[in-house]
Amino acid sequence: MAANNSDPKPIRGVEEEEGGGVKHEAEAGKAAAAAVTTTQSPATMLHRSGSRPQLDLSGAAIHGNLEDRNPTILLPNQSDDISHLALDIGGSLIKLVYFSRHAEHSNEDKHKISTKRRLGMFNGGRRSYPVLGGRLHFVKFETGKLNECLDFISSKQLHRGGVDSPSWRSGAQPDNIVIKATGGGAFKYADLFKERLGVSLEKEDEMDCLVAGANFLLKSIRHEAFTHMDGQKEYVQIDQNDLFPFLLVNVGSGVSIIKVDGHGKFQRVSGTNVGGGTYWGLGRLMTKCKSFDELLELSQRGDNSTIDMLVGDIYGGLDYSKIGLSASTIASSFGKTISDNKELSDYRPEDISLSLLRMISYNIGQISYLNALRYGLKRIFFGGFFIRGHAYTMDTISFAVNFWSKGEAKAMFLRHEGFLGALGAFMSYEKHGLDDLRIHHLVERFPMGAPYISWMEKFVQKGTQIIAPVPVGFPATTGMGGFERPTAKGDILRSDASAALNVGVLHLVPTLDVFPLLEDPKMYEPNTIDLDLNEYKYWFKVLSDHLPDLVDKAVASEGGTDDAKRRGDAFAHAFSAHLARLMEEPAAYGKFGLANLLELREECLREFQFVDAYVSIKQRENEASLAVLPDLLMELDSMNEEARLLALIEGVLAANIFDWGSRACIDDFDMFNKRMLVDKKDQPYKRALLFVDNSGADVVLGMIPLARELLRHGTEVVLVANSLPALNDVTANELPEIVAEAAKHCGILRKAAVAGGLIVDAMAGIQEDLKDEPVSVPLMVVENGCGSPCIDFRQVSSELAAAAKDADLLILEGMGRSLHTNLNARFKCDTLKLAMVKNQRLAEKLFNGNIYDCICKFEPVP
C-alpha cells in the first residue's frame, strides 16, 4: 500500500450532552507531521498523529484488574471536554466512529468525601464524573448516500465542537479542522468534505487502521467474537493473554489475509482478488440486482443445486465416502450450466446468487485455512463489508474452514467488524486514551436505532417539549427507525442486512473495576439462568405484561404532563421493539442473560429521560417504614442474641416482598448463626459489605437493623446501593438521608453514622451530644456502579472495589443480586445470600419450590 502523507492540522472535539447537545473543547494545539507507511515488515506500527485535542491520562488510575465496559474513558485530571471523530470511507459503506463525554458531573458531597478518605481514595477535590461518562458511537451510511453522512456530521456539528459550544454560539468558525479518515474514499471525497464542511481529511493507512481496530475490539469487548455454524451464533470469550498470533481476513472488494502478532505488529501474508467485489460485480451482471443487500437477499431463496454440479450428480446420487465427500458437496460451481442447453435468462436469479455466494465464500474459507495452516494458527477472524452479519455467508465460510481443517481451526466473526478501519483511524489520534482501557471499563448500551441516531435525537424538540410524533415500528420493519428487515429462510438462517443495528454505543467508564473478592474472575458468570428460546418467551411475556404499569409509574413520576405521556409512549414502543428484535435473534446484542434484559429496560427508560419511575412510591414507603422503625428496634433489643439474629434474617426476607410480588428452599441459618455468635464471638468480622435492594421496608426494616447488629458486634458496615435508580431499588444518593432519619431513633446507628461521615452538618447538634462517647466503628455508604436490579461483579465502582479490600463478609440481598445473578458465584470471603423467591417459574427451575419460598445461603471460606 502506498504511503500517505498529510500536513498537521488542529482538530476540535465535541462532548455530547444527554439531550443531544454538544460542548466545545479547548483550543486545538499543534500537530507533529508524520508519514503513514505500511511495509513488508511484520512489525508495522500504527502511526499516531499529533492532531489534538488530547486526553489527559495523568491520574487515570486503573484500579485493580480492570476490564472494558465503555469505549471512552473518564479521566480525573481531564480539564477539557473533548471528542474525536474518524471515518472509514469505503466503496460501499461509510463507517463513522465518534467519541462524546456526558456533560453531567456528580458533585462530591461531604459524606462521599469522608467515605473516600476512609477508603484511601480521596482525590483531593478533583473533578468527579458519573458512571456513564463517555461514549463511542458507531454509525454507517451507504457511500452512494454520502450527503446523508455529511448532513449527519453537520447537524451535530461534530467537526466544529458541537452546536452548544461557545464558538458555535458566538458564530466563530474555527479554521484548519482535521478529521481522521481511512479507505479509498478518504482520497476520492476529500474535496467534497472540504467544500461541504470546511474540513481536511487526514488520511491514515488502511491496513494499519484495520489491525488496530481489530486488536482494540478483541482486547476490550467481552462478547465481541463469535462462531456461526448451522445458523447458530455462539460467543467466544478471548483470553487476553492468549490473543496473539491470529489471522485476520478482511473481505472487501478483494481479500487481504493478515497475520497479527501483537499490538502494532502484523504482516499481510496473502490475499485473493476474488472477494466481495467479485460477488457483487458478477451478481449485478447476471441478476440485474440494484444493491449488494438485494443480491444477498436473493440468495436466501435460492437453490444452488440447479446450477452447481454436486458430487451426487457425478456418482448417481451417492456419497463419495472413501474420501469423505457427501452427495451434496459441490464438485464444480456452475458446473451444470455446461451441459444444460439454457440461456442466462432461463436460470432463476435466486439460484445464481446462491451459487455465486457459495463459490466465493468456500474459496475464501479454504484460502484462509491454508494460510492458517502455513503459520500454525487455529483462530481466524473474518471481517469486511462482504460479511455484513449475513448468516448464510458466515455459515458457508465456517463450513469451509471446518471442512478443510477437519474441525481443528475455527472461523470467528466480530460484531463490530464493519467498523475496524474507522476504529483504527480513531486510534491514530495522539493520546486517544483507548490503549489503557481494560475489558471492565467498557459497557455497551443499545439506544433505539443504534448505531444510527437514538430516537430521542430524531425528535424535533423545543425546550423540553417533544413536538414531533413518536416513531412507531410497523410490521415487516425493525421497529428501530423503519429499516426493513430481510425475511427468514426456513427456521434457521436469515439474511441480516440490518446487522448493523446490533451494534450499540460503547460507554467508557475508567471508574469501573473488577470486584477484588471474586474467587475466580475468569470463570465468573453473573447470570444464574441461561436464556434459551423458551426462557426468552417467558421473560418477554413477563416484561411485556408489566410494561403498561411501568409506563404509568414513569409518567406519574414526571407529573403526568403531556410531554411525559409522549415519552412514555415512545419508551413503550422502543422497549417492545427491543424485545421483538431479541425474540427474533436472541444473540443480536451479544451474549444476553436475564440481568442484561432487565438492565436494557432501565437503560431504555433513561434514554427517554425517565430518571426514576418509582420516586414517589419510594418516598412514601420510606416514610411509612421509618415511622415504625423505633418499635421494631425496641422489640429486637428485648431478645437474646440468637433469637435477635434469627428475627433479623427473617425480617430481611419478609421485607423483601415489596418489589415483585414460605418455606426455606436453602436454609443455612444455623451455620451463619454459629459463625457469628460462636466462631466470631471474640474476633468479629472486620468489615461487612451489605448489598441493599428495595426502598421502604426492605432497607429500613430489614437491612438497616441487620447492619445495626453487625455494628454492635464491632464490625464496620458498608451499605452498597445502586448508582442509578432501577425499579424501586434504593440508591446510594438516597441512603444517607434514610440512615440519618433512622439514626434519630438509635444511638448505635448515630455513632456509626457520624464515624462513617454520613452525618456531618444535618445533625451537628447530635454530634455535639456524642463528643464524649467512645468512637464507634463506622457505617458507610458506597455506590455499586450499576443502574440495574442485578449486579455484575466484573464491573463495579472503584469506590466499591476499594471498600472490598478489607471486607471479610458479604451479604447479598434480594432476587436481582442473589438469585437472578450471583446465586452460584463464589467469593474469597464469607458470603450470605438472602432472598424471597417471588416468581413461580424461577422457584421451580432453581429449587423445585414455590413462589415466596426463601433462601438463606451461607458460604463460608475456610
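Note that the coordinates shown come from a computational prediction; the quantities given were computed from them, not determined experimentally.

Glancing now at the overall build of the protein. Scanning the protein for helices and strands turns up 27 helices and 33 strands. For the protein, the proportion of its 862 residues judged to be buried stands at 59%. Roughly 33,800 Å² of accessible area belongs to the protein as shown, and the carbon and sulfur atoms make up 50% of that amount.

What follows concerns unusual backbone geometry. Following F244, the chain continues to P245 via a peptide bond in cis, the omega torsion being -5°. Examined against the element boundaries, P245 turns out to sit in the loop between β11 (232-236) and β12 (246-251). Look at K288: it is not a glycine, yet its phi comes out positive at around 70°.

So, about helix α20 (residues 669-679). The complete set of buried residues in α20 reads F669, F672, N673, R675, M676 and L677. Each buried residue of α20 sits inside an arc of 165° when the element is viewed along its axis, so together they form one side. Exposed side of α20, more than 90 degrees from the buried face: D670 and V678 are the residues found there.

Turning our eyes to something else, we now look at a nonpolar patch on the surface. Residues I314, Y315 and L318 make up a contiguous nonpolar surface patch of roughly 310 Å² in combined accessible area. Locating L318 in the fold gives a position in the loop between α9 (311-314) and β16 (330-332).

Our next topic: the confidence of the model for the protein. With 75% of its residues at a pLDDT of 70 or more, the protein shows a mean pLDDT of 78. In the predicted structure, residues 123-133 sits below a pLDDT of 50 and forms 41 contacts with residues beyond four places in sequence or in another chain. Within the model, pLDDT remains below 50 along residues 761-768, and this stretch shows seven contacts once partners closer than five positions in the same chain are excluded.

Turning to the pattern of salt bridges, a few remarks are in order. All told, the structure shown has 41 salt bridges when counted by the stated rule. Put simply, D637 and R712 hold a salt bridge, and the shortest N to O gap is 2.8 Å. For R712, a relative accessible area of 33% gives the class partly exposed. The partner of E641 in a salt bridge is K681, with the nearest N and O atoms 3.9 Å apart. Under the relative-accessibility criterion, K681 is labelled exposed at 54%. One network of salt bridges, with partners in common, ties together D637, R644, R708, E709 and R712.

The next thing to look at is the side chain of E350. On the secondary structure map, E350 appears in helix α11 (residues 349-375). Not counting the four nearest positions on each side in its chain, E350 is found in contact with L298, S299, R301 and G302.

Orientation of helix α21 (residues 697-712) relative to helix α22 (residues 735-743), taken along the N-to-C sense of each, is 75°, at an axis distance of 11 Å. Accordingly, the angle class assigned to the pair α21 and α22 is roughly perpendicular. Residues V699, V700 and I704 of α21 touch α22, and the partners they reach there are L735, I738, V739 and A742. Along the lines of polarity and charge, the residues of the contact of α21 with α22 split into seven nonpolar, no polar and no charged.

How each quantity is defined
Residues numbered from 1 in each chain as written. Predicted model: local features only at pLDDT ≥ 70, side-chain atom pairs only at ≥ 80, totals over all residues. Heavy atoms only, no water. Helix = DSSP H or I, 4+ residues; strand = E, 2+ residues; numbered from the N terminus. Buried < 20%, exposed > 50% of the residue type's maximum accessible area, 1.4 Å probe, protein only. Areas by Shrake-Rupley, 256 points an atom, 1.4 Å probe, with all protein chains shown as cover. Arc of directions from axis to C-beta. Patch = residues over 30% accessible without salt bridge, like charges linked within 9 Å, V, L, I, M, F, W, Y side chains within 5 Å. Salt bridge = Lys/Arg side-chain N within 4 Å of Asp/Glu carboxyl O. pLDDT = per-residue confidence, 0-100. Contact = heavy atoms within 4.5 Å. Axes fitted to C-alpha atoms, helices over the stretch in contact; angles between N-to-C directions. Parallel < 35°, antiparallel > 145°, perpendicular 65-115°, else oblique. Nonpolar A, V, L, I, M, F, W, Y, C, P; charged D, E, K, R; others polar.

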